[in-house]
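# Coordinate inspection notes
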Amino acid sequence: MHEKIIILDFGSQTTQLIGRRIRELNTYCEILPYNRFPEGDGSIRGVILSGSPCSTGDGSAFRTDLSRIRKKYPVLGICYGAQLMASDAGGKVESAVVREYGRARLSHVDTRDPLLKDVKPGSQVWMSHGDTVTQLPPSFGTIASTDDVSVAAYRVSGEQTWGVQFHPEVFHTEEGTRILDNFLHICGCAKDWTAASFISSTVAALKEKLGDDRVILALSGGVDSSVTAVLLNRAIGKNLTCIFVDHGLLRKHEFEHVLRDYEHMGLNVVGINAREKFYSRLAGVTEPEQKRKIIGKGFIDVFEEEAQKLENIKWLGQGTIYPDVIESLSITGMVIKSHHNVGGLPDRMKLKLVEPLRLLFKDEVRRVGTELGMTPHLIRRHPFPGPGLGIRILGDITAEKVRILQDADDIYISLMREWGLYDSIWQAGAILLPVQSVGVMGDERTYDNTIALRAVTSTDAMTADWAQLPYDFLAKVSNEIINRVKGVNRVVYDISSKPPATIEWE
């Protein structure tokens, strides 16, 4: 049983970031709704209370019974978590006279305190709050301040309980990682959660769980499903059957390339060419959500048809990762997002689910893939939507439009790799717009299609900035696409960030 830190989520936008920082310090953690603390779990070493959009004075604010954790575990409250503990113990939390948003500096630091060991006065922290602790309860003592906030951090006397008004998990808090590492030291964590230890324990657990049972897995060519396949293959070998469906909306030559990669990894893969089936179902359909549903249902139909040819399949493997699980947990009574990687399959096919990556963040999945010795370009592959180019062709989908977009996208991504830009980009792709414009090619006027290029930087796709690609690179891509892709005479670059835009156009 892994030792763990429990992070109770009060709705902060940075709760997942806390989890990722703890994992980066080689310590396993779980993020749970604020009201679902797991009583009686002997592997818990400490508890972190997250921030929140709530104010402690609101009647509807998220609250939890702190007596279940205080004095029983080391506790660190962050922002709202710190305010909640102070308020619950009789202190005062009020709207700040000077609200702090953004960078601040610690004007006073008690470096004798174990949480702030080696944290320097003047260190930059990141604030994001409208409320502040104006009066500490008895036995609470200030251990750090800024010029505007007297209680930037506190400790409870006689307890291993701390609160910080700032956010140590964000990049802009210069010594935030040191503070979190200090807390893990206080908790007595061994910090032995690594990719190698995860692989060893997961393969052993899969062998015990699955025995001689057979498993079927839908491959997408992406990192999550690929790492899932390799882990399952290590555990059960030929009892794993992978199905890779070409819905005709993959990138150029991707079906052949991915099948070759999987063959080199020793996986048992069945490749299905279902392009014409999908094109016929999508004919004339322009509404984005309808396209998604047709592609999703078509995939299920093909997958189920192939699965029925196999005997004694008892499990469905899925590449579900930890953000999917977190987003499916509700702290408000409303599910943020359901995480059905292959929608509807478990119920229809009466299969049990096996999800070996459900505890990992995306960057951890990549580290596990590297440790498994997988092909680097599979591990570092950009996210690619399930509906594929179907949501990058605005309007109706035809084989000719797919050909145009595949050719343009192939030039874009190939040049991005050639120029050494690919690995610095979170996601990139070309979009075929339902827009024709006048052009001149040679001595002839043309009236052809427009390609939009999209590239973003991000850490988790929750937010994304448009990538500031070099002008000479964009010029090269534009010239190559217009000269080599028949049917295109104009290329534009999307400079919209998320929010307000989304990464994909549909």
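What you see as residue numbers is a count from 1 along each chain, following the sequence as written. At least 70 in pLDDT is required for a residue's local features to be given in this predicted model, at least 80 for side-chain atom pairs to be given and counted, and no such filter applies to totals for whole chains, interfaces and linings, which use all residues. Just so you know, side-chain values use all the structure's heavy atoms and leave hydrogens and water out.

### Quick word on the side chain of Arg70
The line we're drawing: Elements are defined by DSSP. Helices are runs of H or I of four residues or more, strands are runs of E of two residues or more, and each kind is numbered from the N terminus. Three exposure classes are used, based on accessible area relative to the maximum for each residue type with a 1.4 Å probe and protein chains only: buried under 20%, partly exposed in between, and exposed over 50%. We call two residues in contact when some of their heavy atoms are within 4.5 Å.
Within the element layout of this structure, Arg70 appears in the loop between β3 (44-49) and β4 (75-78). Residue classification places Arg70 among the buried positions, given a relative accessible area of 16%. Excluding its chain neighbours within four sequence positions, the residues that come into contact with Arg70 are Val75, Met85, Ala89, Phe140, Val156, Glu159 and Thr161.

### Thoughts on empty space enclosed by the protein
Where we set the bar: Both cavities and pockets are sets of points on a 1 Å grid over the protein atoms alone; in a cavity a 1.4 Å probe fits but cannot get out, in a pocket the set is open with protein on both sides within 12 Å along at least five of seven lines, and lining residues sit with an atom within 4 Å of a point. Grid points are joined across faces, edges and corners, and a volume is the space filled by probe spheres set on the points.
Counted under the stated rule, the structure contains one cavity of 30 Å³ or more. Approximately 60 Å³ is the volume attributed to the largest cavity. Together, Arg392, Gln427, Ala428, Gly429, Ile431, Arg454, Val456, Ile503, Glu504 and Trp505 line the largest cavity. Elements supplying a minimum of two residues to the lining of the largest cavity: β15 (427-441) and β16 (444-457).

### Here we look at the nonpolar core
Operational definition: To define a nonpolar core, start from buried Ala, Val, Leu, Ile, Met, Phe, Trp, Tyr and Cys residues and group those joined through side-chain atoms within 4.5 Å.
Counting residues in each nonpolar core, the largest one holds 91 residues, and the members touching the most others are Tyr412, Met416, Leu453 and Leu469. Among the elements that line this core, the one with the most residues is helix α13 (residues 399-418), at nine residues. Each residue touching Leu469, except ones within four places of it in the same chain, is listed here: Tyr412, Met416, Leu421, Ile425, Ala455, Leu474 and Tyr493.

### Some thoughts on the packing of α13 against helix α14 (residues 471-484)
Heads up, the condition is: To get an axis, fit a line to the C-alpha atoms, keeping to the stretch in contact for a helix; angles then go from 0 to 180 degrees between the N-to-C directions. Any angle from 65 to 115 degrees is called roughly perpendicular, while one under 35 is roughly parallel, one over 145 is roughly antiparallel, and all others are oblique. Handedness of a crossing is defined here by the sense of rotation of the near helix relative to the far one, left-handed for an anticlockwise turn of less than a right angle and right-handed for a clockwise turn. Note on residue categories: nonpolar means Ala, Val, Leu, Ile, Met, Phe, Trp, Tyr, Cys or Pro, charged means Asp, Glu, Lys or Arg, and polar means any other residue, Gly included.
Contact pair α13 / α14: the axes reach a minimum separation of 9 Å and the direction vectors enclose 150°. Overall, the two elements α13 and α14 adopt an arrangement that is roughly antiparallel. Judged by the sense of rotation from one axis to the other, the crossing of α13 with α14 is right-handed. Of the residues in α14, those touching α13 at Ala408, Ile411, Tyr412, Leu415 and Met416 are Phe473, Lys476, Val477, Glu480, Ile481 and Arg484. Partitioned by chemical class, the residues of the contact of α13 with α14 number eight nonpolar, no polar and three charged.

### Observations concerning the pattern of salt bridges
Formally: What counts as a salt bridge is simple: a side-chain nitrogen of Lys or Arg found within 4 Å of a carboxyl oxygen of Asp or Glu.
Summed over the entire model, instances satisfying the criterion amount to 32 salt bridges. Lys309 serves as the salt-bridge partner of Glu306, at 3.0 Å between the closest nitrogen and oxygen. On the basis of relative accessible area, Lys309 is assigned to the exposed category, the value being 56%. Here the salt bridges share partners, and the residues they tie into one network are Lys252, Glu400, Arg403 and Asp407.

### Remarks on the pairing of strand β13 (residues 313-317)
Rules: We call two strands paired when DSSP finds no fewer than two bridges between them.
With four of its five residues buried, β13 lies for the most part within the structure. Judged from the four bridges that link them, strand β10 (residues 214-219) and β13 form a sheet pairing that is parallel. Residue pairing in the sheet places Leu217 in a bridge with Gly317 of β13. As paired strands, β13 and strand β14 (residues 352-354) are joined by three bridges and run parallel to one another.

### Quick notes on the packing of aromatic side chains
Formally: Each aromatic pair joins two rings of Phe, Tyr and Trp (for Trp, the six-membered one) with centres within 6.5 Å, and gets the label stacked for planes under 30 degrees apart, edge-to-face for over 60, and tilted for any other angle. Two conditions define a charge located above a ring, namely a distance within 6 Å from the ring centre to NZ of Lys or CZ of Arg, and an angle within 35 degrees of the ring normal.
Within the structure shown, the criterion is met by 14 aromatic pairs. Ring geometry for Tyr412 versus Phe473: centroids 6.4 Å apart, planes at 35°, classification tilted. Taken together, the residues Tyr412 in helix α13 and Phe473 in helix α14 connect sequence positions 61 residues apart. Judged by its relative accessible area of 0%, Tyr412 is buried. Look at Phe473 and you get buried, because its relative accessible area is 0%. Centroid distance Trp466 to Tyr493: 6.4 Å. Interplanar angle 75°. Geometry classified as edge-to-face. Of this pair, Trp466 sits in strand β17 (residues 465-466) while Tyr493 is found in strand β18 (residues 488-493), placing the two residues 27 residues apart along the sequence. In this structure Trp466 comes out as partly exposed when scored by relative accessible area, which is 28%. Among the aromatic residues, those joined into a cluster by ring pairs are Phe10, Tyr34, Phe62 and Tyr80. Sitting over the face of the ring of Trp426, Arg366 holds its NZ or CZ atom 5.9 Å from the ring centroid.

### Focus on unusual backbone geometry
The residue after Lys498, namely Pro499, is reached through a cis peptide bond having omega -15°. Put simply, Pro499 and Pro500 share a cis peptide bond, and its omega is 10°. Note that Pro500 resides in the segment after β18. The backbone of Lys71 shows a phi angle near 70°, a positive value even though the residue is not glycine. Inspection of the secondary structure assignment puts Lys71 in the loop between β3 and β4. With a phi close to 75°, Ser139 is a non-glycine residue in the positive phi region. Within the element layout of this structure, Ser139 appears in the loop between β6 (124-135) and β7 (140-146).

### Some details on the pairing of β7
Where burial is concerned, most of β7 is hidden: five out of the seven residues are buried. Note: β7 against strand β8 (residues 153-156), four bridges, orientation antiparallel. Residue Gly141 lies in a different strand from β8, and its bridge partner there is Arg155. Counting the residues in the hairpin turn of β7 and β8 gives six residues.

### Section: helix α2 (residues 80-88)
At 3.6 residues per turn, the α-helix brings residues three or four places apart onto the same side. Burial analysis of α2 places seven of its nine residues in the buried class, which makes it a mostly covered element. Gly90 sits one or two residues past α2 and shows a positive phi near 105°.

### With respect to the packing of helix α4 (residues 195-210) against helix α11 (residues 362-371)
When two helices pack together, their arrangement is given by the angle between their axes and by how far apart the axes lie. At their nearest, the axes of α4 and α11 sit 9 Å apart, and the two run at 80° to each other. Taken together, the axes of α4 and α11 lie roughly perpendicular to each other. Contacts between α4 and α11 pair Ala195, Ala196, Phe198 and Ile199 from the former with Arg367, Val368 and Glu371 from the latter. Taken together, the residues that form the contact of α4 with α11 break down as five nonpolar, no polar and two charged.

### Considering the environment of Gln290
Tracing the backbone through its elements, the reader meets Gln290 in helix α8 (residues 288-307). Considering only alpha carbons, one finds Gln290 and Arg103, 187 residues apart in sequence, at a separation of 45 Å.

### Examining the environment of Ser67
Position of Ser67 relative to the elements: it lies in the loop between β3 and β4. It is 39 Å that separates the C-alpha atoms of Ser67 and Ser458, two residues lying 391 residues apart in sequence.

Functional significance is not addressed by these values, which are geometric in nature.
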